[in-house]
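Reading the structure
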Amino acid sequence: MDSERVCELIKNNEYLGSAAQFPEKMGVKAAEVGFGVLNGEEYPKEILLDVDFVDLSNVDEFLK
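An account of the accompanying structure is given in this report. Quick caveat: nothing in here was measured; it's all calculated off a predicted structure. (Residues numbered from 1 in each chain as written. Predicted model: local features only at pLDDT ≥ 70, side-chain atom pairs only at ≥ 80, totals over all residues. Heavy atoms only, no water.)

Here the structure, examined in full by the defined rule, presents zero aromatic pairs. Over the ring of Phe22 we find Lys25; its NZ or CZ atom is 5.0 Å from the centre of that ring. (Phe/Tyr/Trp six-rings, centres within 6.5 Å; stacked < 30°, edge-to-face > 60°. Lys NZ or Arg CZ within 6 Å of the ring centre and 35° of its normal.)

Structure representation (structure tokens):
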């Protein structure tokens, strides 16, 4: 289901909320780590990036 549809469900009180991920930030981090590995740098097996919880209090920000 696309993010716009999920936001509409949240606005209509059909979903409590959902996590918003940021693919652009994920891609930037992946490239950064990839180039770092090619240059001999070491990274942990798992790299966590922030997500936002979308609910009624902030859903309009994600519909822009």
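Still to come is the rest of the account.
Turning our eyes to something else, we now look at a nonpolar patch on the surface. Judged by side-chain polarity, Met26, Ile47 and Leu49 come together as a nonpolar surface patch covering roughly 230 Å² of accessible area. Inspection of the secondary structure puts Leu49 in the loop between helix 2 (23–38) and strand 2 (52–54). (Patch = residues over 30% accessible without salt bridge, like charges linked within 9 Å, V, L, I, M, F, W, Y side chains within 5 Å. Areas by Shrake-Rupley, 256 points an atom, 1.4 Å probe, with all protein chains shown as cover. Salt bridge = Lys/Arg side-chain N within 4 Å of Asp/Glu carboxyl O. Helix = DSSP H or I, 4+ residues; strand = E, 2+ residues; numbered from the N terminus.)

Now for the environment of Leu16. Mapped onto the elements, Leu16 comes out in the loop between helix 1 (3–11) and strand 1 (18–20). Between the alpha carbons of Leu16 and Val37 there is a distance of 40 Å; along the sequence they are 21 residues apart. Setting aside anything within four residues of it in sequence, one finds Leu16 in contact with Ile10, Val54 and Asp55. (Contact = heavy atoms within 4.5 Å.)

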